[in-house]
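Observations on the three-dimensional arrangement
Given next are the chains, with one letter for each unit.
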Amino acid sequence: MDPDDMLFSPAGVAALRNALTRANFTSNGIAGRLGSQATGGMARNDFRAALRATEDRDPLATLIRLFVCEQTEPYEAVATALAPLPIKEALAGGLVERHGDGLRMGLDLEPYGDDWWVLADAPASTHPGRALQAEHVLGIGGATQTLIGATVRQPVETALDLGTGSGVQALHLSTHARRVTATDLSERALRFAATTAALNGQDWELLRGDLTAPVAGRRFDLVVSNPPFVVGPGTTTHVYRDSGRVGDAIGAELAAAAPSLLTEGGTMQYLANWVHVAGEDWAERVAGWFTGSGLDAWVIQREVADPMAYVNLWLSDVGETASPERMAEWLDWFDAHKVEAIGFGIVSLRRSGHDDPVVRVEELRQLVEAPLGDRVTEWFDRQEWLRVRDTDGLLAARYRAADDLQLRQEATMSDEGWSVNRQILAMPRGLRWTEEIDPIVLALVGGADGRLPLRDQLALLASAHDVAPGELAEAAGPIVAHLVERGFVEPVVE
């Protein structure tokens, strides 16, 4: 890694790591110093208890006050806390900046995980009235955490982080990939990523360019991306959110690039926004991104916002709340293109090597069992199992109802007593799906104890419900496939 690619010299990075380690400025070190009450308060931006607990200003206390509580601290106290990093290099690299008679944070230095640190630009809230610069480098926000949680974490040889920013996704990839490559259009972002890598003892291949351009012709086992997915007229003011593409084209562009990026069996996952256009089915529109790709695709919509809320969110994110012209331009574009809402979600793709790729686009608004990445892995595994079985294969298999599966009933009281109107299967674990079912499906799931092949189970059900066995077997195929895909029943592996 070229020394010019980092915010500090190699010796400076080593000195900063030394200072942070010596002070025990880690997530665990901070929690141990402050206790649960003060730590919980900081998560709500209530720093009162933390400030009381750090009044003595030893190195750890000073670093907590400076980088977590966002206080201005005495020059000498900061110099002592950052030693052996020379305070002049800390100022030159932007880590701290002069403010009044002391120093305050210039960059966001966040203890992360058990023993990591991530460097990023300070958020807009840190310096009120100062709008974010065009090449602002994001820290660890909500979208970042969403992708971290959704990423599959199996060991791989090669992994790619498209639009790495501060490098936090690459940090996670380094725990299960032998080689990590990261790209970004912003040279400034790459300097942050290089510094984050060096600070944590990592060695990544860092390449500058727009999305996939720097890795053209190469393939990877795992690709992740938190791209500049914000939907709008294509205006670019901040590279972390604006791609320069009109509308939601960046999501479709990444989908088109995926087949040439992935090795056989490889996975690509990225965050995306998509428009809900009046008179169109949003799910069909997004599914069209994967037509002809040859990839299995699972797209889950996690949130939906109306245009006004969406514009307010992203203008305030960069400190543009006092820009009525920008808001009007953005909202006019939504109106002109009949955009009623904007969806946010996660795209997971896999190069399975089969000629019959599965594409599912659906809403998943409920709270799911973390980490979502494990649920994604399970979904792809279930698709592999289903793909190689026709109706006869499904009928020959044995099934077991998912652990802790629940039945919820809605009933109405009448003169004759309670009358059940709806019966709903509910999964308290995993993806926590709920599904309304009829009595025959209820009996099928209730009898799924792993002992009988489905064909034999259906014969018993047909007799009990006075249904022709052949008709029931024909109807049961797609029903059972759906129950397996959702995880309500699990095939018994011989």
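Before going into details, it helps to say that this report is about the structure given with it. (Residues numbered from 1 in each chain as written. Predicted model: local features only at pLDDT ≥ 70, side-chain atom pairs only at ≥ 80, totals over all residues. Heavy atoms only, no water.)

Some remarks on the overall build of the protein
Our working rule: Numbering goes from the N terminus for both helices and strands, where a helix is a DSSP run of H or I of at least four residues and a strand is a run of E of at least two. The cut-offs for exposure are 20% and 50% of the maximum accessible area for each residue type, with area from a 1.4 Å probe on protein chains only; residues under the lower value are buried, those over the upper are exposed, and the others partly exposed. Contact definition: two residues touch when any of their heavy atoms are within 4.5 Å. With residues, only the protein chains shown are counted as cover, and all accessible areas are computed by Shrake-Rupley using a 1.4 Å probe.
A tally of helices and strands in the protein yields 18 helices and 19 strands. In terms of overall dimensions, the protein has C-alpha extents of about 85 × 50 × 45 Å along its principal axes. Expressed as a percentage of the 494 residues in the protein, the buried residues total 52%. Considering only contacts in the protein between residues 6 or more positions apart, those separated by 24 or more positions represent 67%. Total accessible area on the protein stands at roughly 22100 Å², and carbon and sulfur atoms take up 50% of it.

So, the pattern of salt bridges
Definition in use: The salt bridge definition used is simple: a Lys or Arg side-chain nitrogen within 4 Å of an Asp or Glu carboxyl oxygen.
Counted by the stated rule, this structure contains 29 salt bridges. For arginine 351, the salt bridge is made with glutamate 264, and the minimal N-O distance between the two is 3.5 Å. A residue pair is termed long-range when its members are at least 10 positions apart, and arginine 351 in the loop between strand 12 (339-350) and strand 13 (359-363) and glutamate 264 in strand 10 (residues 262-277) qualify at 87 residues. The exposure class assigned to arginine 351 is partly exposed, which follows from its relative accessible area of 22%. The salt bridge involving glutamate 378 is made with arginine 375; its shortest N-O contact spans 3.0 Å. Placement of both glutamate 378 and arginine 375 in helix 14 (residues 372-387) is noted, with a separation of three residues, approximately one turn of the helix. A relative accessible area of 32% means that glutamate 378 is categorised as partly exposed. Taken together, the salt bridges that share partners define one network made up of Asp296, Asp356, Glu384 and Arg387.

Looking at unusual backbone geometry
With omega at 15°, the peptide bond leading from alanine 83 into proline 84 counts as cis. Tracing the sequence through the fold places proline 84 in the loop between helix 5 (75-82) and helix 6 (87-92). The omega torsion of the bond from alanine 370 to proline 371 falls at -5°, within 30 degrees of zero and hence cis. Topologically, proline 371 is positioned in the loop between strand 13 and helix 14. Not every positive phi belongs to a glycine, and lysine 338 is a case in point at roughly 55°. Structurally, the position occupied by lysine 338 is in the loop between helix 13 (324-336) and strand 12. Despite not being glycine, arginine 432 has its phi angle at roughly 55°, a positive value. Among the structural elements, arginine 432 can be located in the loop between strand 16 (417-426) and strand 17 (434-437).

What about helix 2 (residues 27-43)?
Selection criterion: Given the number of residues in a helix, its expected span is that number minus one, multiplied by 1.5 Å. To get the bend at a residue, fit one axis to the 7 residues ending there and another to the 7 starting there, then take the angle between the axes.
In a regular helix each residue adds 1.5 Å, so 17 residues correspond to 24 Å; helix 2 covers only 12 Å between its end C-alpha atoms and thus falls short of that length. Of all the bends in helix 2, the greatest, near 115°, is centred on glycine 35. On the buried face of helix 2, the contacting elements are helix 3 (48-53), helix 4 (59-68) and strand 4 (107-112). Just downstream of helix 2 lies asparagine 45, where phi reads positive at about 60°.

Topic: the pairing of strand 8 (residues 205-208)
Note the following rule: In this analysis, strands are considered paired if DSSP registers two or more bridges between them. The handedness of a crossover follows from its direction of travel: if, with the strands pointing away from the viewer, the path from the first strand over the helix to the second runs clockwise, the crossover is right-handed.
Pairing of strand 7 (residues 177-184) with strand 8, which is carried by four bridges, proceeds in the parallel orientation. By the bridge assignment for strand 8, aspartate 184 is matched with arginine 208. Taken together, strand 7, helix 9 (residues 187-199) and strand 8 constitute a β-α-β crossover, and its handedness is right-handed.

Digging into the environment of isoleucine 424
In this structure, isoleucine 424 sits in strand 16. Along the chain, isoleucine 424 and tyrosine 75 lie 349 residues apart, while their C-alpha atoms are 63 Å from each other. Non-local contacts of isoleucine 424, meaning those with residues more than four positions away in its chain, are made with Gln406, Leu407, Arg408, Glu410, Thr434, Glu435 and Glu436.

Things to note about the sheet that holds strand 2 (residues 96-99)
Our working definition: Working convention: axes come from line fits to C-alpha atoms, limited for helices to the stretch in contact. Angles between N-to-C directions cover 0 to 180 degrees.
With respect to topology, three strands assemble into an open sheet ordered 1-3-2, the strand pairing being antiparallel. Two strands in the sheet have a free side with no partner beyond their single neighbour: strand 1 (73-74) and strand 2. Across the sheet, helix 4 touches strand 1, strand 2 and strand 3 (102-105), and the angle it forms with strand 3 is around 60°.

Some points on the nonpolar core
What counts is decided by this rule: Residues belong to one nonpolar core when they are buried, are Ala, Val, Leu, Ile, Met, Phe, Trp, Tyr or Cys, and are joined through side-chain atoms within 4.5 Å.
Within the largest apolar cluster, 78 residues are counted, with the highest numbers of intra-cluster contacts made by Tyr310, Trp330, Phe334, Leu372, Tyr399 and Leu458. Tryptophan 330 has contacts with Val230, Val231, Gly232, Pro233, Arg241, Tyr310, Val311, Trp314 and Leu315, leaving out every residue within four places of it along the chain. Within the second largest apolar cluster, 44 residues are counted, among which are Leu66, Phe67, Met105 and Ala122.

Digging into the sheet that holds strand 19 (residues 489-491)
Taken together, three strands build an open sheet; the order of strands is 18-14-19 and the sheet is antiparallel. In the strand order of this sheet, the two ends are held by strand 18 (449-453) and strand 19, each with one partner. Put simply, the sheet's adjacent strands are angled 30° from each other on average, direction ignored. Two strands pair when backbone bridges link them, and strand 14 (residues 398-401) and strand 18 are joined in this way by two bridges, in the antiparallel orientation. By the bridge assignment, arginine 400 is partnered in strand 18 with aspartate 449. Each of strand 14 and strand 18 is contacted by helix 17 (residues 454-465), which is oriented at about 85° to strand 18, the strand it contacts most.

Notes on the packing of aromatic side chains
Put simply, the rule reads: Between rings of Phe, Tyr and Trp, where Trp is taken as its six-membered ring, a pair exists when centres lie within 6.5 Å; planes separated by under 30 degrees are stacked, by over 60 edge-to-face, and by other angles tilted. By the criterion adopted, a ring carries a charge over it if an Arg CZ or a Lys NZ lies within 6 Å of its centre and within 35 degrees of its normal.
By the definition in use, this model includes 14 aromatic pairs. Note on phenylalanine 25 and phenylalanine 67: the rings are 6.3 Å apart at their centroids and 45° apart in plane angle, and the pair reads as tilted. Within this pair, whereas phenylalanine 25 is found in the loop between helix 1 (10-23) and helix 2, its partner phenylalanine 67 is found in helix 4, the two being separated by 42 residues in sequence. Here phenylalanine 229 and phenylalanine 344 contribute two aromatic rings whose centre-to-centre distance is 5.7 Å and whose plane-to-plane angle is 55°, an arrangement assigned as tilted. Residue phenylalanine 229 is located in the loop between strand 9 (220-225) and helix 10 (249-261), and its partner phenylalanine 344 is located in strand 12; the two are separated by 115 residues in the primary sequence. Side by side, phenylalanine 229 and phenylalanine 344 carry an identical accessibility label, which is buried. An aromatic cluster is defined as three or more aromatic residues linked by ring pairs; in this entry it consists of Phe229, Tyr310, Trp314, Trp330, Trp333, Phe334 and Phe344. The positively charged end of arginine 326 is found above the aromatic ring belonging to tryptophan 330, 4.6 Å away from the centroid. For arginine 486, the ring lying beneath its charged end belongs to tryptophan 433, and the centroid distance is 3.6 Å.

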